[in-house]
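Overview (structure and organization)
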Protein chains: 2
Amino acid sequence: MDTAVEPEEGLRERKKRETRLAIHRAALELAVEFGLDGLTVDAIAERAGVSARTFFNYFPAKDDAILGSYGADPEPLLALIAGRPVGESPREIVRFVAHRRVEALVADPELWAMRREMTLREPSLGLRFLGIYARADRALVEAILNRLRAERPLSADDELGLAVEAYAALGAFRAAIRLHIDGGYADLPLPEVLDRAFARL
Amino acid sequence: MDTAVEPEEGLRERKKRETRLAIHRAALELAVEFGLDGLTVDAIAERAGVSARTFFNYFPAKDDAILGSYGADPEPLLALIAGRPVGESPREIVRFVAHRRVEALVADPELWAMRREMTLREPSLGLRFLGIYARADRALVEAILNRLRAERPLSADDELGLAVEAYAALGAFRAAIRLHIDGGYADLPLPEVLDRAFARL
């Protein structure tokens, strides 16, 4: 339990997060049901119980709503990292963030399954999803380096070593996700696959 | 030198590769010069000295021509891997492929600089680029696992360990590229940064 270091979420933030999730879910449900082509922002907004104007406060277009906003906003990530103990290694920070992401996936398997179906059905969505994840990875490594730079001076060699450690740990995360989806680990809970992947690093 | 294990490229393949590159270069040049908005397939085809019909034999749309076809076709990658010695580790296979990619980047720095400028100027292009790289990484790991499966039987634990090794090595590659672009390694040749990154793995 590390609730003490968690940034506190205000009522307004929670409401925003819930509205965003409701729009994302509605977009996914409609896309899975009726396909991407005929899908309109109005239909998504209606299913989510919001106005089209509210929709556009959260997402610029329907594709973005289908993908959700994963990684779009670096703030929660930075807050999460800021709460980690001083001196923690890139590997351990990545491991912590990976477990948080996995918990979110596991907590809402229906959403994950719909997202997966849509990215398989529509390769262009799949590509954007991979891009979003890669951008989030990059933001995470950047945040980790910034944090460590604030702790102590880093040489170019230090930075390379730390970046390699962080990206390699993200590789373990990626491997866990891939083998949970496609490999012989479908029956093992994802957090457990993640622990095994980190043990193999 | 490992020319002995290189797949031989026929005259027809070479011509196709050159045409593809000419279209990619023309698309990038025009996009950098005049921006993305007014850019047409006709203008790209004209600058590349091909017909619009030929353009569409190589790329489905102008965005794809700007991004090039990196990672789109897994065949060259599979041929490259097929030529590696039996028993080579995922780490060494990734290292070999990474050096090949870096050589291609270094051989044409102008193309790389234009691509970089466009992906910074147009975040949606940048996102697709990241997605393309992530998809190519996934194809590479899949190809490595398939190759090793053909060499010996793999348990689920073996596969996880090998996938972690391959993705971690791809992480070293990513770290080298990032620090060469943004970090204190701008003056060091990229192949050398890559070697240092793998040494830190």
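None of the values given here were measured: they were computed from a predicted structure.

This part is about the overall build of chain A. Helix and strand counts for chain A come out as ten helices and zero strands. For chain A, the sequential pattern of α-helices and β-strands runs α-α-α-α-α-α-α-α-α-α. Against the globule reference of 17 Å for 201 residues, chain A gives a C-alpha radius of gyration of 18 Å, in line with a compact fold. Projecting the C-alpha coordinates of chain A onto the three principal axes gives extents of approximately 55 × 40 × 35 Å.

Turning our eyes to something else, we now look at the confidence of the model for chain A. Residue and element names in this part refer to chain A. Here chain A averages 88 in pLDDT, and 93% of its residues register 70 or above. When pLDDT is averaged over each element of chain A, helix H2 (residues 41-48) comes out on top at 97 and helix H5 (residues 75-82) at the bottom at 80. Long-range and interchain partners of residues 1-6, a stretch whose pLDDT sits below 50, account for six contacts in this model, where long-range means more than four residues apart. Confidence metrics for the complex model read pTM 0.86 and ipTM 0.86.

Before going further, it helps to spend a moment on the interface of chain B and chain A. Reports of interface size often rely on the accessible area that becomes lost once the parts have come together. Contacts between the two partners involve 31 residues from chain B and, on the opposite side, 31 residues from chain A. Between chain B and chain A, a total of about 3,000 Å² is buried, with carbon and sulfur atoms accounting for 72% of that surface. At the surface where chain B touches chain A, the tally comes to two salt bridges. Across the salt bridge formed by Arg196(B) and Asp157(A), the nearest N and O atoms sit 3.5 Å from each other. Remark: the boundary between chain B and chain A carries six residue pairs in polar contact (both at pLDDT 80 or more). Going through the elements one at a time, helix H8 (123-151), helix H9 (156-182) and helix H10 (190-199) of chain B are the ones with two or more residues in the side of chain B that touches chain A. No other element matches H9(B), which puts 16 residues into the side of chain B that touches chain A. Taken together, the residues of the side of chain B that touches chain A break down into 18 nonpolar, four polar and nine charged.

Moving on to the side chain of Arg84(A). Residues and elements named next belong to chain A. Of note, Arg84 is situated in the loop between H5 and helix H6 (90-107). Judged by its relative accessible area of 15%, Arg84 is buried. Engagement of the side chain of Arg84 in a polar contact is seen with the side chain of Glu88, the distance being 3.0 Å.

Quick look at the relation of the copies chain B and chain A now. Expressed as a screw transformation, the operator carrying chain B onto chain A has a rotation angle of 180° and an axial translation of 0.0 Å, and the superposed copies differ by an RMSD of 0.0 Å. Such a turn and shift between the copies fits a two-fold axis.

Looking now at H9(B). The end-to-end C-alpha distance of H9(B) is 38 Å, a good match for the 39 Å that 27 residues give at a rise of 1.5 Å each. Of all 27 residues in H9(B), 20 are buried, a share of seventy percent or more.

Okay, the packing of aromatic side chains next. With the rule as written, the count across this model stands at six aromatic pairs over all chains. When the ring of Phe55(B) is compared with that of Phe59(B), the centres are 6.1 Å apart and the planes differ by 50°; the resulting orientation is tilted. Grouping residues by exposure puts Phe55(B) and Phe59(B) together as buried. When the centroid spacing of 5.4 Å and the interplanar angle of 25° are considered together, the rings of Phe129(B) and Tyr133(B) count as stacked. Here Phe129(B) pairs with Tyr133(B), and both are found in helix H8, just four residues apart, close to one helical turn. With respect to class, Phe129(B) is no different from Tyr133(B); both count as buried. Grouped by ring-pair contacts, the aromatic residues Phe55(A), Phe56(A) and Phe59(A) constitute a single cluster. Sitting over the face of the ring of Phe59(A), Arg20(A) holds its NZ or CZ atom 5.6 Å from the ring centroid.

Analysis parameters
Along each chain, residues carry numbers from 1 onward, in the same order as the chain's sequence is written. As they are written, the chains are lettered A onward and the ligands numbered 1 onward, keeping that order. The model is predicted, so local features are restricted to residues of pLDDT at least 70 and side-chain atom pairs to those at 80 or more, both for listing and for counting; the totals for chains, interfaces and linings are taken over all residues. Just so you know, side-chain values use all the structure's heavy atoms and leave hydrogens and water out. In DSSP terms, a helix is any run of H or I states spanning at least four residues, a strand is any run of E spanning at least two, and both are numbered starting from the N terminus. Based on C-alpha atoms, the radius of gyration is set beside the globule rule, defined as 2.2 Å times the residue count to the power 0.38. A residue's pLDDT is the predictor's confidence in that residue, given on a scale from 0 to 100. Any two residues whose heavy atoms approach within 4.5 Å are treated as being in contact. Note on definitions: buried area is the accessible-area loss of two parts on being combined, 1.4 Å probe, summed for both. In the sections that follow, a salt bridge refers to a side-chain nitrogen of Lys or Arg positioned within 4 Å of a carboxyl oxygen of Asp or Glu. What qualifies as a polar contact is a pair of N or O atoms within 3.5 Å, subject to a donor-acceptor requirement within protein and to the restriction that residues adjacent in sequence count only when both atoms come from side chains. Throughout, the ten residues Ala, Val, Leu, Ile, Met, Phe, Trp, Tyr, Cys and Pro are labelled nonpolar, Asp, Glu, Lys and Arg are labelled charged, and all others, Gly among them, are labelled polar. Burial status follows relative accessibility: with a 1.4 Å probe on protein chains alone, a residue under 20% of its type maximum counts as buried, one over 50% as exposed, and anything between as partly exposed. The superposition of copies rests on a least-squares fit of C-alpha positions from residues with pLDDT of 70 or more in both. In this scheme, a helix's expected span is set at 1.5 Å multiplied by one less than its residue total. Two rings from Phe, Tyr or Trp (for Trp, the six-membered ring) form a pair when their centres sit within 6.5 Å of each other. Planes less than 30 degrees apart are called stacked, planes more than 60 degrees apart edge-to-face, and all others tilted. Criterion for a charge above a ring: Lys NZ or Arg CZ within 6 Å of the ring centre, and within 35 degrees of the ring normal.

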